[in-house]
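# Descriptive analysis of the structure
What follows is the residue order along each chain.
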Amino acid sequence: MSQTISQDKVVGIHYTVKSAEGQVLDQSQEGQPLHFIFGRGMLIKGLENALEGKAVGDKFVTDVAPADAYGERHDGLIQTVPRHLFGDNEVAVGMQFRASTSAGEQSVMIIDVNDNEVTVDGNHPLAGVALNFDVEVVEVRDADPSELDHGHVHVDGHHHHE
Ligand code: ZN
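It should be emphasised that the depicted structure is a prediction, and the values quoted were computed from it without experimental measurement.

Within the chain one finds two helices and nine strands. The order of α-helices and β-strands along the chain, N terminus first, is β-β-β-α-β-β-β-β-β-β-α. For the chain, the C-alpha radius of gyration of 19 Å lies well beyond 15 Å, the compact-globule estimate for 162 residues. Taken over the C-alpha atoms alone, the chain extends approximately 65 × 35 × 30 Å along its principal axes. Residues classed as buried in the chain amount to 31% of the 162 residues present. When contacts within the chain are restricted to residue pairs at least 6 apart in sequence, those whose partners lie at least 24 apart make up 62%. Here the chain has roughly 10,000 Å² of accessible surface; of this, 45% comes from carbon and sulfur atoms. Here the chain carries 10 positive and 27 negative side-chain charges, and the mean point of each set is 4 Å from the other.

In structure tokens form, the structure reads like this:
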């Protein structure tokens, strides 16, 4: 009996994710499928929805709207702050760092710098982007109690903790 994907199953997939324009944004590596425990918010919502009920060997393509992926972009998450707040730290466009904001601890990226001000963007880099997934399911099994306890998959019986 082949198992189908449902809450707390361990799932392995190969995937390629592209933007609507066809640019490859991310993909699993040859021989190294992405493993996760299903139904625990480890994947974006749109992909979890598409995976539910699938079995090993299933291949499919699915489009995911921004709201079911990394959310819409919010202009309010773009802020310009005085450069002196960065002290002697290097500032350059593209640098990412953690910052305390009114919305809590967030990852922000510097998108503009001039002599007096630094503009940072707290949107996820993929906010507002519609995604296209090409997926092959390569593993579906029950999770071990230790995996459920730890909240992550122990691949091939090895116990990797980062
Ligand atoms: Zn563990």
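Picking up where we left off.
What follows covers the environment of aspartate 68. Summarising the element assignment, aspartate 68 is placed in the loop between β4 (59-64) and β5 (78-82). Aspartate 68 sits in the partly exposed class, given a relative accessible area of 26%. Distance from aspartate 68 to isoleucine 44, taken between C-alpha atoms, is 6.6 Å for residues 24 residues apart in sequence. With sequence-adjacent residues up to four places away left out, aspartate 68 is seen in contact with Ile44, Lys45 and Gly46.

Right, let's talk about unusual backbone geometry for a bit. Peptide bonds are, in most cases, trans, and in most cases residues other than glycine have a negative phi. Even without being a glycine, aspartate 8 presents a positive backbone phi close to 70°. Its place among the elements puts aspartate 8 in the segment before β1 (9-19).

In this structure, serine 28 sits in the loop between β2 (24-27) and β3 (34-37). By relative accessible area, serine 28 is classed as buried at 14%. Looking at serine 28, its side chain comes within polar contact range of the side chain of histidine 14, at 3.0 Å. At 2.9 Å, the side chain of serine 28 forms a polar contact with the backbone nitrogen of tyrosine 15. What serine 28 contacts, discounting residues up to four positions off in sequence, is Ile13, His14, Tyr15 and Leu34.

Here we take up the domain arrangement of the chain. We note that the domain assignment places domain 1 (9-70 + 127-150) and domain 2 (75-121) within the chain. Computed from C-alpha coordinates alone, the two centres of domain 1 and domain 2 are separated by 32 Å.

What follows deals with the pattern of salt bridges. One pass over the structure, following the stated rule, counts six salt bridges. Where arginine 40 meets aspartate 8, a salt bridge forms, and the shortest distance between an N and an O atom there is 3.0 Å. Linking arginine 40 in the loop between β3 and α1 (45-51) with aspartate 8 in the segment before β1, this pair joins segments that are 32 residues apart in sequence. The closest approach of N and O atoms between arginine 141 and glutamate 139, which form a salt bridge, is 3.0 Å. Relative accessible area serves as the criterion here: at 22%, arginine 141 is assigned to the partly exposed category. Put simply, Glu139, Arg141 and Glu147 are held in one network by salt bridges that share partners.

Note on placement: glycine 31 falls in the loop between β2 and β3. Residue class for glycine 31 comes out exposed when judged on its relative accessible area of 62%. C-alpha separation for the pair glycine 31 and histidine 14, spaced 17 residues apart in sequence, amounts to 8.8 Å.

What counts, and where the lines are drawn
Residues numbered from 1 in each chain as written. Predicted model: local features only at pLDDT ≥ 70, side-chain atom pairs only at ≥ 80, totals over all residues. Heavy atoms only, no water. Helix = DSSP H or I, 4+ residues; strand = E, 2+ residues; numbered from the N terminus. Rg over C-alpha atoms; globule rule 2.2 N^0.38 Å. Buried < 20%, exposed > 50% of the residue type's maximum accessible area, 1.4 Å probe, protein only. Contact = heavy atoms within 4.5 Å. Areas by Shrake-Rupley, 256 points an atom, 1.4 Å probe, with all protein chains shown as cover. Lys, Arg positive; Asp, Glu negative; His and termini not counted. Charge placed at Lys NZ, Arg CZ, Asp CG, Glu CD. Polar contact = N/O pair within 3.5 Å; in protein donor to acceptor, adjacent residues only side chain to side chain. Domains from an automatic or database assignment. Salt bridge = Lys/Arg side-chain N within 4 Å of Asp/Glu carboxyl O.

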